[in-house]
Structures are given as structure tokens and as C-alpha cells.
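# An overview of the molecular structure
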Amino acid sequence: MPVRITRLLSFALIGAGFSTAVLAAATQSLTWRGDVVTANGVVKGVAKAWQSSGHGAIQIQPFNTASGLDAVAGGSADIAGSARPSSGSSVDSGLTFTPVAWDGLVLVTSPANPVSNLTLKQVHDIYFGKITNWKEVGGNDAPIDVFAVASPGDGVEYSLRKLLFGRGNQPVAAPRLYVNVTQMEQSIMLDPRGFGVTTLSSVAGNSKIKMLRIDGTAPSSSTVASGAYPLFVPLYLVTNPSSPNAGAAKEFVDFTLSAKGASALRARSLVPYDAGSTLIAMDASRRSQILAQVGAHASAEPTQIASAPSRPIAPAAVAAARPATPAVPALNKVSGAVVAAPQPSSLKGVRGDAFTELTAAGRGSNFAKVTSDAYVSVAKTSSKNAAKTASKAASIEPKAESKKKIASVERKPARSYRVAAGETLYSIARKHGVDVAQIRTWNHLKDNTVRTGQVLRIDAR
């Protein structure tokens, strides 16, 4: 074969190989995992625009903040979503948090609840346990069922507590715990006494849930963009510089910050991060005003908002800003147990319940004792099948300054109760006016798991 033809064929093969490599890089599939609000608000819309622009597929795995950060840190996902910045933890410290959009934290309840407006002070006092009845804020004479997400690092919960208490890990009187915001929202839709926090992008346009005005200002994309609505926060995409797909992940983050990405964000009631220079400028004063209004003080935790648009928060800077572990103020004793189901491929059928006991006549700024028990189960409920409960448990119990014993009530010989299909330990306790912990003690139960047909003692001897 002539030398010239050989060279031409060689160049052609090299060119073909180069084109194939470029095409493969351009269509590389990425895995995203993180909180539900970032999935619905940011990733789903941007992923469609990304793919229609000729890029690869984005596999979206919405669950919660902690699962996303763990997955990116461990290499099982390329990008995570978070409604909070880095907390300075060992997991967060090696990751890059890039703010891509602005959202509003919204306090929600059922449309059946007549309350439509709360002050920041009232929101603070509800989470702090000072306000426990809706009539105290102009509603019906009924207890406030405060719902929250179980994960201590949940982005929405962390960001709200940072604004209201000056520290994102502040314990609050919200023991009704769920695996993520979606499950919490579904429970609030059904409970006219329900109360919790989610984001504007998650519930905008949902007629089955009511967003409460804060100090008279309704949450909307326009009031968030102007800063008139005080509870605005950034949403972050989180990447791992050490990941094999770090380059492709960064391309997706850059695309989110582009004009096409901005259009997808606006379609979901979000404000593109680059459009929020006003919000960055007013952030420090806004935080000070909120804390002054509710009577709280700021801590030295990492800052909520980056100092300049489109720039990620450097992990080293976050680690340097991490304070020494602060003492937990305000609560004399908080103890809790959460039973969480293994992460399912589908959240259909996930339920959550909790039981709360508050004692001491004057709750003021301290709880004499707050205990909570919560469970999450993934199961079908029918007359033939009992709900299957989860098996993984975790508990926290900060050191108490004092303990107050609850006076026991003398009862007649112990009664028994047979568990019906679909019942939980919580529903049984509520039906008979006793504490979940008491039923566990009387029946020597290790957790909140009960089965259909099981006979339980529901009274002291």
C-alpha cells in the first residue's frame, strides 16, 4: 500500500477515535442524589435542558440531604443537592458547595387551618415550645402538631434553625419526624393542626397545602428576589473534586448557572443565583434583624451565603470557620428515638408518626423534659397484612441539668389490647391516653414494632 494512503488512513482512524472520545465525554451519564426540594426545584428542570442540549443523561435519586452528601463523598453519586451550605463536618469538608439558586423557606399548614399569617417571633416560639396551641396565634383551640425531617443535617431544617436561632443544629420542639420533606408535606395536607417548613419551589401552586405569610408578606418568587420575604436561602449543588467524574459534574453545575439553566430555574419559582446580588448584600443585616426580633444570638457556624455570586464555598474556608462544639442551650433534657426504614427505591407508602410528652407548668425558655418517639415504615396496610416497621434506630440524649419525675397515677388491674391490622404503637398509645414509652416498658418491647394480633398491656398493674 502506498505510504501516502497509509498515512491518510492512520489520520482518519485517529480522527475517528478522537471524535468517539469527544462524543463519549459529551454524553457521559451522571448520578445526582440529595434532598427532595433541590431535586424538584433545580435538578429536574435543569436536567431536561441539559439533555436537550446534547449532553448525557442525569440519573436523579431524590431522598434527603445526608444521603446525597454521603453518596458524593463516597463516590456512588457525582452531584448532590442541598438547601444548606457545608456544616464543616468530616463528610462535608472535602466537598465543594456551589450556590445555584435562591428559594424561600415557607411555613406550611393545612388549608383547613384558619391561620394565614405568623410573625417571625411566633414561628421561633412554636419551634421553641413556648407556643403550643393554635389559639395563641389566632387559630382554633387545638394543639400545634409540629412536623420535621428526622435527619439532623437536613438542609431545610438546618437553614431555618440557623435563621431563627443563630445555629443550624439547634434542638427544637418538633418530634414528629419524617424521612424527607415530601413525606412531611403529605402529612400536613391531612392534618388541620399540622405545621412544618418546606420550600417555595416545593409547594408553589399546590392547593392542598397552605403557605403562611410571615409578618404580612406572602412567599413568592418576586418577594424572595427583592428580599421582602425574609426567609430566603440559596440552594446548592455539591461536587467532589476527587471524583473520577469531577469534570463532567462541574460542567453540569456551570450549565445550571448559564442562561439555559436560569430559564429552567425561573420556571420552578426559583431565582437564579446570579440574579441575587441584592440578597447577598443584605444577608448580614437581614440575619441580625431576624435574631433581634426573636431574641436569639448568632453562633460562629459557617456562613449561609457565599460572598460573591457563582463562586463555590471553599472547603478549607469552611473548615477554618468551624467553631468548637457549643453547649446546647435552652433545653434541660431532650431525648428521642427515631426508627427509619431502609432507603426504598420508591417512597410510595412511607408513613411517619410520633408521640410527644411535655411536662412542667411553665415552659418559658426551658423544657423540663421533652421526650419523643418516631417511626417510619414502608408497608401496605390492609385487613390481612400488618404494617412492616423499620429496624434501624438512632437516639440522642444531651446532658441534662435537672430531671423532674412524673407523678405516677394509680390504676386498676392492668388492661390488655389486641393490635388490629394497620395500627401502630403510637396510634394505640394515643387511643388509650398513655405514653409510647410506657407501653414499651409494660410489654418489655425493644422498639416501636408491633404486629397484628399481638396482645399488649396498656395499663400499669
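Placed above this text is the structure.
Quick summary incoming for the structure in this document. What you see as residue numbers is a count from 1 along each chain, following the sequence as written. Local features in a predicted model are, by the rule used here, given only for residues with pLDDT of at least 70; side-chain atom pairs are given and counted only at 80 or more, and totals for whole chains, interfaces and linings are based on all residues. Hydrogens and water molecules were not included; the side-chain quantities draw on all heavy atoms of the structure.

### Here's the deal with the overall build of the chain
Put simply, the rule reads: Strands here mean DSSP runs of E at least two residues long; helices mean DSSP runs of H or I at least four residues long; both are numbered from the N terminus. Burial status follows relative accessibility: with a 1.4 Å probe on protein chains alone, a residue under 20% of its type maximum counts as buried, one over 50% as exposed, and anything between as partly exposed.
Secondary structure assignment for the chain yields 14 helices and 18 strands. Counting every position in the chain, which comprises 461 residues, the buried fraction comes to 50%.

### Considering the environment of Pro114
Following the sequence through the fold, Pro114 ends up in the loop between β4 (96–109) and β5 (117–118). Among the residues examined, Pro114 registers a relative accessible area of 45% and is labelled partly exposed. The spacing of Pro114 and Trp134 is 20 residues in sequence and 9.4 Å in space, taken between C-alpha atoms.

### A word on the packing of aromatic side chains
To describe a pair of aromatic rings, one takes the distance between the centres and the angle between the planes. Let me state the cut-off plainly: Planes of paired rings set the category: under 30 degrees apart is stacked, over 60 is edge-to-face and the rest tilted, where pairs are Phe, Tyr or Trp rings (Trp by its six-membered ring) whose centres lie within 6.5 Å.
Counting across every chain of the model gives nine aromatic pairs. Aromatic pair Trp50 and Phe255: ring centres 5.5 Å apart, planes at 75°, arrangement edge-to-face. On the criterion of sequence distance, the pair formed by Trp50 in helix α2 (residues 36–52) and Phe255 in helix α9 (residues 246–256) is long-range, its members being 205 residues apart. The class for Trp50 is buried, based on a relative accessible area of 3%. A relative accessible area of 10% means that Phe255 is categorised as buried. Between the aromatic rings of Trp102 and Phe232, the centroid separation amounts to 6.1 Å while the plane-to-plane angle is 75°, which identifies the pairing as edge-to-face. Of this pair, Trp102 sits in strand β4 while Phe232 sits in strand β11 (residues 232–239); the two residues are 130 residues apart in sequence, bridging distant segments of the chain. Assigned by exposure class, Trp102 and Phe232 land together as buried.

### Considerations on the nonpolar core
The cut-off we apply is this: As used in this record, nonpolar core signifies buried Ala, Val, Leu, Ile, Met, Phe, Trp, Tyr and Cys residues forming a set joined through side-chain atoms within 4.5 Å.
One finds Val42, Leu107, Tyr127, Phe195, Leu231, Leu237 and Phe252 to be the most contacted residues of the largest nonpolar core, which totals 77 residues. It is α2 that contributes the most residues to this core, eight residues altogether. One finds Val436, Ile439, Leu445 and Leu456 within the second-largest nonpolar core, a separate group that totals 13 residues.

### Topic: helix α10 (residues 259–266)
Spelled out, the test is: Here the arc refers to the set of directions running from the helix axis out to each C-beta atom. Residue contacts follow a heavy-atom distance rule, with two residues in contact if any of their heavy atoms lie within 4.5 Å.
Taken together, the buried positions of α10 are occupied by Gly261, Ala262, Ala264 and Leu265. In an axial view of α10, the angular spread of the buried residues amounts to 160°, which keeps them on one side of the axis. Exposed residues lying more than 90 degrees from the buried face of α10 are Ala259, Lys260 and Arg266. Against α2, β4, α9 and β12 (271–272) lie the buried residues of α10.

### With respect to the pairing of strand β6 (residues 145–149)
How we decide: Pairing between strands is defined by DSSP: at least two bridges between the two strands are required.
The element β6 is extensively covered by neighbouring structure, given that five of its five residues are classed as buried. The side-chain alternation of β6 yields two buried faces, one formed by Asp145, Phe147 and Val149 and the other by Val146 and Ala148. In this sheet, strand β8 (residues 194–199) lies alongside β6 in parallel orientation, the contact comprising two bridges. In the strand pairing of β8, Asp145 is matched with Gly194. Of the pairings in the sheet, the one linking β6 to strand β7 (residues 176–178) comprises three bridges and is parallel in character. Among the inter-strand pairings, Ala148 is bridged to a residue of β7, identified as Leu177.

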